[in-house]
Amino acid sequence: MKKFALLAVAAVGVMAACSKNEVAPSTGGSQPETGYQDGKVPVRFGVGAPAALLTKSTGTVGGLADANVWDQQTLYIFGFDRTVADFTNAETDAFIWHVEATAPDGEASDYIDVMNPDPDGDGMQNDEGEWEPFYYGGNIVYDFYGYHIDDAYWDGAATSNVPVPVAEADRIYVPFKIDGGQDLMVAKADPDADILGTEVIDARNAYSAYSARRGVEPNLVFKHQLARFTFEIVPGSASANNVQVESLKLESKTTGKLVVVGTAETQLGIPAADVEEEKSWLTLRQKNTDSGELEPLAPVGTETFDEAPEAEQTSKAIGESILAIPGESVYNIELTLGDKAGSQLTPIAPLPLVLDVNDVVRPDSSEPITTFQAGESYKITIVIYGLEEVKIKATLEEWKDGGTTVIDPDEPPFSE
């Protein structure tokens, strides 16, 4: 049976903070037996927990350090002879073509089953009516790829959780359209990394029957391809006790191509040239505590304002997160507040806010950035004073620490 080690990389922060973490290859889990059948060497895939996890339409894949486990996400695996230089006929040429696999359930790392649906090449299962592992062929050296797309596959008319890859000469991609609640990830096994600590010295021999017999297994390090924004609110004055957040939206490009396989020169992930310019509003949602899926955000107010002098106000997290296409230096936000008492007769217009990367103060160890980055999470702190006053503060969290920034829409147009 073929099994790949899967890993994931993530980043976290406030409106202006970022950081990327690569999870180490799997070392635990229920490792399958190594036994070979008739001298055939099976391909084994292990998975390491991503830095953030999610199930269908539930937000970020992975979790923070104390909850960094898989949750049976759907993954898709490819394998190609490394000499393949033209993917035009990829479905025919592939060693492994778009095989669905399931991530572990509640484990930080484990092996996954990547089974051959047609082991005899006759369009049928084996004689016992079962699928079999994939087996390395002779001295062929392979490359392995994987991706996770949630239900963001886009066929031009509607999204679906059944993706259909498109093959071109130099790459294979999956068209997508995000709604702010899907985490798109891609992975390619790294021979240089996976031969470390084994008997294999030359990475050109991985991945093959030769390297597998010497303990080399393909580890798929999944990397997040979107920028993540989480939100919290904090009272700035006693008047904030009377209002609540009713909705929050972030404007982003939403449609593009997720490149999941390619030549050495091909950029995997979401190339900027393959992103459509049209933007839409992505709405912050919350996770249903029973189903784990996303649902509309319930109105939520700040913690009670502490009027003690110099008191540190308590923040409150709202919603799950918004995952947006990266590469922008500015994102527009619309915040809608409401009166808790319901006494406001006139509808309150959404308050426009701006997230600007130039306002990001990154940690000393972080390189400056000019755009919001893929794989980085930005925690947006919104300071609320009342129905007309709001401030924004940004900080980078666990995915990758990028820094902090403050946006105050109550500042006068000109300095006084």
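Below is a summary of the structure that appears in this document. (Residues numbered from 1 in each chain as written. Predicted model: local features only at pLDDT ≥ 70, side-chain atom pairs only at ≥ 80, totals over all residues. Heavy atoms only, no water.)

This paragraph deals with the pattern of salt bridges. Counted by the stated rule, this structure contains nine salt bridges. One salt bridge in this structure joins Glu277 and Lys253, with 3.2 Å as the shortest N-O distance. Taken together, the positions of Glu277 in the loop between strand S18 (255-262) and strand S19 (279-283) and Lys253 in strand S17 (residues 243-253) put the pair 24 residues apart, joining distant regions of the chain. Here Glu277 falls in the exposed class, since its relative accessible area comes to 57%. (Salt bridge = Lys/Arg side-chain N within 4 Å of Asp/Glu carboxyl O. Helix = DSSP H or I, 4+ residues; strand = E, 2+ residues; numbered from the N terminus. Buried < 20%, exposed > 50% of the residue type's maximum accessible area, 1.4 Å probe, protein only.)

Within the secondary structure, Pro352 sits in strand S25 (residues 351-356). Note on Pro352: relative accessible area 58%, which makes it exposed. Distance in space between the C-alpha atoms of Pro352 and Lys249 is 9.7 Å, their sequence separation being 103 residues.

On to a negative patch on the surface, then. The grouping of Asp86, Asp93, Asp170 and Glu265 at the surface amounts to a negative patch. Secondary-structure assignment places Asp93 in helix H1 (residues 90-93). Accessibility expressed as a relative area gives 39% for Asp93, which makes it partly exposed. (Patch = residues over 30% accessible without salt bridge, like charges linked within 9 Å, V, L, I, M, F, W, Y side chains within 5 Å. Areas by Shrake-Rupley, 256 points an atom, 1.4 Å probe, with all protein chains shown as cover. Lys, Arg positive; Asp, Glu negative; His and termini not counted. Charge placed at Lys NZ, Arg CZ, Asp CG, Glu CD.)

Taken as a whole and judged by the stated rule, the model has 16 aromatic pairs. Ring geometry for Phe78 versus Tyr147: centroids 6.2 Å apart, planes at 20 degrees, classification stacked. Separated by 69 residues along the polypeptide, Phe78 in strand S4 (residues 74-81) and Tyr147 in strand S9 (residues 142-148) bring together distant segments of the chain. Here Phe78 and Tyr147 have matching classes, each one buried. Every member of this aromatic cluster is reached through a ring pair, and the members are Phe95, Phe134, Tyr136, Tyr142, Phe144 and Tyr207. For Lys40, the ring lying beneath its charged end belongs to Tyr135, and the centroid distance is 4.4 Å. Sitting over the ring of Trp154, Lys177 keeps its end group 4.5 Å from the ring centre. (Phe/Tyr/Trp six-rings, centres within 6.5 Å; stacked < 30°, edge-to-face > 60°. Lys NZ or Arg CZ within 6 Å of the ring centre and 35° of its normal.)

Membership of the largest hydrophobic core comes to 57 residues, with the highest contact counts inside it found for Phe229, Phe231 and Ile382. Ignoring anything within four residues of it in the chain, the contact list for Phe231 reads Leu248, Leu284, Lys316, Ala317, Ile318, Ile322, Ile333, Ile380 and Ile382. (Core = buried A, V, L, I, M, F, W, Y, C linked by side-chain atoms within 4.5 Å. Contact = heavy atoms within 4.5 Å.)

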